[in-house]
Number of protein chains: 2
Amino acid sequence: MTRLREQVLSLIWQSHRPLGAYDILDSLNADGRKAAPPTVYRTLDFLQRMGLVHRIASLNAFVGCTQPSHHHSGCFLICETCHNVLELPSSSIRNAIEGEARKQGFAPRETVVEVTGLCPACKDDGPTNE
Amino acid sequence: MTRLREQVLSLIWQSHRPLGAYDILDSLNADGRKAAPPTVYRTLDFLQRMGLVHRIASLNAFVGCTQPSHHHSGCFLICETCHNVLELPSSSIRNAIEGEARKQGFAPRETVVEVTGLCPACKDDGPTNE
DNA sequence: CCCTCGAACGTTATACTATAACCCATGTCC
DNA sequence: GGACATGGGTTATAGTATAACGTTCGAGGG
């Protein structure tokens with residue numbers, strides 16, 4: 001765990017919503033570091049391999065993992081209004097999906113589950129928040 | 001359904017594996033049409049709205065829908081070796097996921113389920129195919 | 001001690017994906 | 001025939017990601 005990696009992980013954790021790679025890049029540079037895209041992507045790759053960060057494919061963005069202990073990727077609820085992301089543990093869903101895949105003779109390696117919609121707060125606020 | 005839309009849909013159907021927007025663009029232009037990216041993206045948007053085409057978020061690519069009758073998005077098994085994609089109907093999985101989301105007070109609008117791994121053929125071929 | 005090697009990161013350039021904004025042609029409906 | 005909606009061409013640019021190579025530094029072996 002180097003200074004750079006700590007710095008990126010901390011940025012991601014502080015945000016509580018998905019950050020784009022270039023958001024991270026800008027923060028790093030605002031912070032005095034002279035970084036270019038490969039630096040950020042390499043760091044994100046590392047953090048993903050460590051299970052500390054997830055990539056949200058629907059958004060091309062990155063969030064902190066809420067349960068770094070389990071390495072499995074989660075199931076994400078993505079609010080279209082406030083852009084917060086909630087990670088569900090819900091390995092049962094994952095198991096169901098991968099079981100279904102195996103029934104087809106498919107060998108699953110990684111599973112992405114991303115639900116887009118409205119989070120409780122934004123749903124109740126009605127259209128005022130949009 | 002215009003000529004352009006038929007042409008794009010036909011390209012996607014003929015390929016049986018995800019096509020990038022720029023692959024489609026190149027095919028169109030090889031075919032005599034003078035197209036630019038917005039033309040392709042607009043057409044893809046239309047075909048998605050019609051439920052004829054799905055976007056694979058993990059790949060930034062597009063596949064034909066195998067069941068255009070049901071509008072819901074499917075569950076995709078993506079082979080890392082041969083790049084074929086199998087769409088599972090499996091609305092039960094979708095229901096389970098969205099039920100789980102609603103339990104959290106979340107109002108789901110769209111759900112992405114993408115499983116990456118090895119398809120039956122590539123799994124059995126072993127590493128020879130890689 | 002010096003050498004090698006690998007990991008981490010910097011640097012430059014470029015590839016790939018997607019959209020904004022504006023234009024014009026055509027068809028429909030009153 | 002004028003108003004308006006739709007489809008699609010055109011130009012430019014924004015946003016996301018990687019290739020390829022260089023530099024530094026520390027660990028371990030001879």
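Scroll up for the structure.
These lines cover the structure that appears in this document, whether it is placed above or below.

Once that is clear, we can look at the protein's contact with DNA strand D. Taken together, the neighbourhood of DNA strand D is formed by 15 residues, with Tyr22 and Arg55 of chain A together with Thr2, Arg33 and Arg42 of chain B sitting nearest. Counting only atoms of DNA strand D within 4 Å of the protein, the fraction found in sugar and phosphate groups is 48%. For DNA strand D, a phosphate oxygen lies 3.0 Å from a polar atom in the side chain of Arg5 of chain B. One of the side-chain nitrogen or oxygen atoms of Arg42 of chain B is found 2.6 Å away from a base nitrogen of DNA strand D. For the surface near DNA strand D, the secondary structure elements donating two or more residues are α3 (37-49) of chain A together with α1 (3-15) and α3 (37-49) of chain B.

Spatially, β4(A)-β3(A)-β5(A)-β5(B)-β3(B)-β4(B) is the arrangement adopted by the six strands of the open sheet, whose pairing is mixed. In the strand order of this sheet, the two ends are held by β4 (85-88) of chain A together with β4 (85-88) of chain B, each with one partner. Along the sheet, successive strands turn relative to each other by an average axial angle of 20°, direction set aside. The sheet contact formed by strand β3 (residues 75-79) of chain A and strand β5 (residues 107-118) of chain A spans five bridges and is parallel. Each residue of the ladder has a partner; that of Leu77 of chain A, found in β5 of chain A, is Val115 of chain A. Its contacts with the sheet place helix α4 (residues 91-103) of chain A against β3 and β5 of chain A together with β3 (75-79), β4 and β5 (107-118) of chain B, and it is angled at close to 130° to β5 of chain A. The strands touched by helix α4 (residues 91-103) of chain B are β3, β4 and β5 of chain A together with β3 and β5 of chain B; relative to β5 of chain B, the strand with the most contacts, the crossing angle is about 130°.

Here we come to the protein's contact with DNA strand C. Surrounding DNA strand C, one finds 15 residues, the nearest of these being Thr2, Thr39 and Arg42 of chain A together with Tyr22 and Arg55 of chain B. Residue Thr2 of chain A places a side-chain N or O atom 2.4 Å away from a phosphate oxygen belonging to DNA strand C. One of the side-chain N or O atoms of Arg5 of chain A is found 3.1 Å from a phosphate oxygen in DNA strand C. For the surface near DNA strand C, the elements supplying multiple residues, two or more each, are α1 (3-15) and α3 of chain A together with α3 of chain B.

Before going further, it helps to spend a moment on helix α2 (residues 21-30) of chain A. Residue and element names in this part refer to chain A. For α2, the complete set of buried residues consists of Ala21, Ile24, Leu25 and Leu28. Around the axis of α2, the buried residues are gathered within 105° of arc, so they sit on the same side. Of the residues in α2, the exposed ones pointing more than 90 degrees away from the buried face are Asp26 and Ala30. Those residues of α2 that are buried lie in contact with α1, α3 and β2 (61-64). In the stretch just after α2, Gly32 is the one whose phi turns positive, near 100°.

What counts and what doesn't
- Residues numbered from 1 in each chain as written.
- Chains lettered and ligands numbered in written order.
- Predicted model: local features only at pLDDT ≥ 70, side-chain atom pairs only at ≥ 80, totals over all residues.
- Heavy atoms only, no water.
- Near = heavy atom within 4 Å.
- Polar contact = N/O pair within 3.5 Å; in protein donor to acceptor, adjacent residues only side chain to side chain.
- Helix = DSSP H or I, 4+ residues; strand = E, 2+ residues; numbered from the N terminus.
- Pairing = 2+ DSSP bridges.
- Axes fitted to C-alpha atoms, helices over the stretch in contact; angles between N-to-C directions.
- Contact = heavy atoms within 4.5 Å.
- Buried < 20%, exposed > 50% of the residue type's maximum accessible area, 1.4 Å probe, protein only.
- Arc of directions from axis to C-beta.

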